[in-house]
Amino acid sequence: MHDLIIFDDGLGQLGPMADLRAAFEIRTGMFTTAGRIAQTYQRARFCGFRVPAHLEALVRSRANALVNDLPDIEPLLLINGRWSMPDPDLNL
């Protein structure tokens, strides 16, 4: 079992959609990107989020997980929050 961190590297050019939220909080259809990633990797233990400093307080207020507090365990599975479809064969 891997420990999973979803991160926003701040490099996405997502315009005003990502000014007040992390890339993985953007809803596309029924789910957010973080929701899709968590659903795809159910066998991984979700540990939290990593975001740029300017989004930390906003994400902390909405997240039900650790934000910018990486666990001291290895290996960690780090998944970029801009990865909109983690598994093309996933039947959502």
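Remember, predicted model here, so these are calculated numbers, not experimental data.

Caption draft 1: Main features of helix H1 (residues 33-40). Of the residues making up H1, those classed as buried are Thr33, Ala34, Arg36, Ile37 and Thr40. Projected onto a plane normal to the axis of H1, the buried residues spread over an arc of 160° and lie on a single side. Packing partners of the buried residues in H1 comprise strand S1 (3-7), strand S2 (27-28), strand S3 (31-32), strand S4 (45-50) and strand S6 (76-80).

Caption draft 2: Looking closely at the sheet that holds S4. Judged by pairing direction, the sheet is parallel, and its 4 strands sit side by side in the order S5-S4-S1-S6 without closing on themselves. Both edges of this open sheet fall to strand S5 (66-67) and S6, since each of them pairs with a single strand only. Sheet analysis places S4 next to S5, joined by 2 bridges and oriented parallel. By the bridge assignment for S5, Gly48 is matched with Leu66. Across the sheet, H1 is in contact with S1, S4 and S6; its angle to S1 comes to roughly 160°.

Caption draft 3: The arrangement of unusual backbone geometry in detail. Not every positive phi belongs to a glycine, and Asn68 is a case in point at roughly 60°. Mapping Asn68 onto the fold places it in the loop between S5 and S6.

Caption draft 4: Geometry of the layout of surface pockets. Here the largest pocket defines a volume of roughly 150 Å³. The wall of the largest pocket is formed by Phe24, Glu25, Thr32, Ala34, Ala38, Phe46, Phe49, Val59, Arg62 and Ala63. At the level of elements, H1, S4 and helix H2 (53-62) are the ones that each hand at least two residues to the lining of the largest pocket. In terms of residue class, the lining of the largest pocket is made up of 7 nonpolar, 1 polar and 2 charged.

Caption draft 5: Layout of the confidence of the model for the protein. Averaged over every residue, the pLDDT of the protein is 82; residues scoring 70 or more account for 90%. Looking across the protein, the model is least confident in S2, with a mean pLDDT of 84, and most confident in S5, with 92.

Caption draft 6: Here's a closer look at the nonpolar core. Grouped together as the largest cluster of nonpolar side chains are 13 residues, with contacts concentrated most on Leu4, Ile6, Ala22, Phe24, Phe49, Val51 and Val59. Looking at this core, the elements that each hand over two or more residues are S1, H1 and H2. Those residues within four positions of Val51 in sequence are excluded, and the remaining contacts are Asp8, Ala22, Phe24, Glu56, Val59, Val67 and Asn68.

Caption draft 7: Spotlight on the pairing of S1. For S1, the tally of buried residues reaches 4 of 5 residues, placing the bulk of the element in the interior. In the sheet, S1 pairs with S4 via 5 bridges, with the strands oriented parallel. Each bridged residue has a counterpart across the sheet, and for Phe7 the counterpart in S4 is Arg50. Bridging between S1 and S6 involves 5 bridges; their strand directions are parallel. Bridge pairing links Asp3 to Leu76 in S6.

Definitions and cut-offs
Residues numbered from 1 in each chain as written. Predicted model: local features only at pLDDT ≥ 70, side-chain atom pairs only at ≥ 80, totals over all residues. Heavy atoms only, no water. Buried < 20%, exposed > 50% of the residue type's maximum accessible area, 1.4 Å probe, protein only. Helix = DSSP H or I, 4+ residues; strand = E, 2+ residues; numbered from the N terminus. Arc of directions from axis to C-beta. Contact = heavy atoms within 4.5 Å. Pairing = 2+ DSSP bridges. Axes fitted to C-alpha atoms, helices over the stretch in contact; angles between N-to-C directions. 1 Å grid on protein atoms, 1.4 Å probe; cavity = no way out; pocket = protein on both sides within 12 Å on 5 of 7 lines; lining within 4 Å. Points joined across faces, edges and corners; volume = space filled by probe spheres on them. Nonpolar A, V, L, I, M, F, W, Y, C, P; charged D, E, K, R; others polar. pLDDT = per-residue confidence, 0-100. Core = buried A, V, L, I, M, F, W, Y, C linked by side-chain atoms within 4.5 Å.

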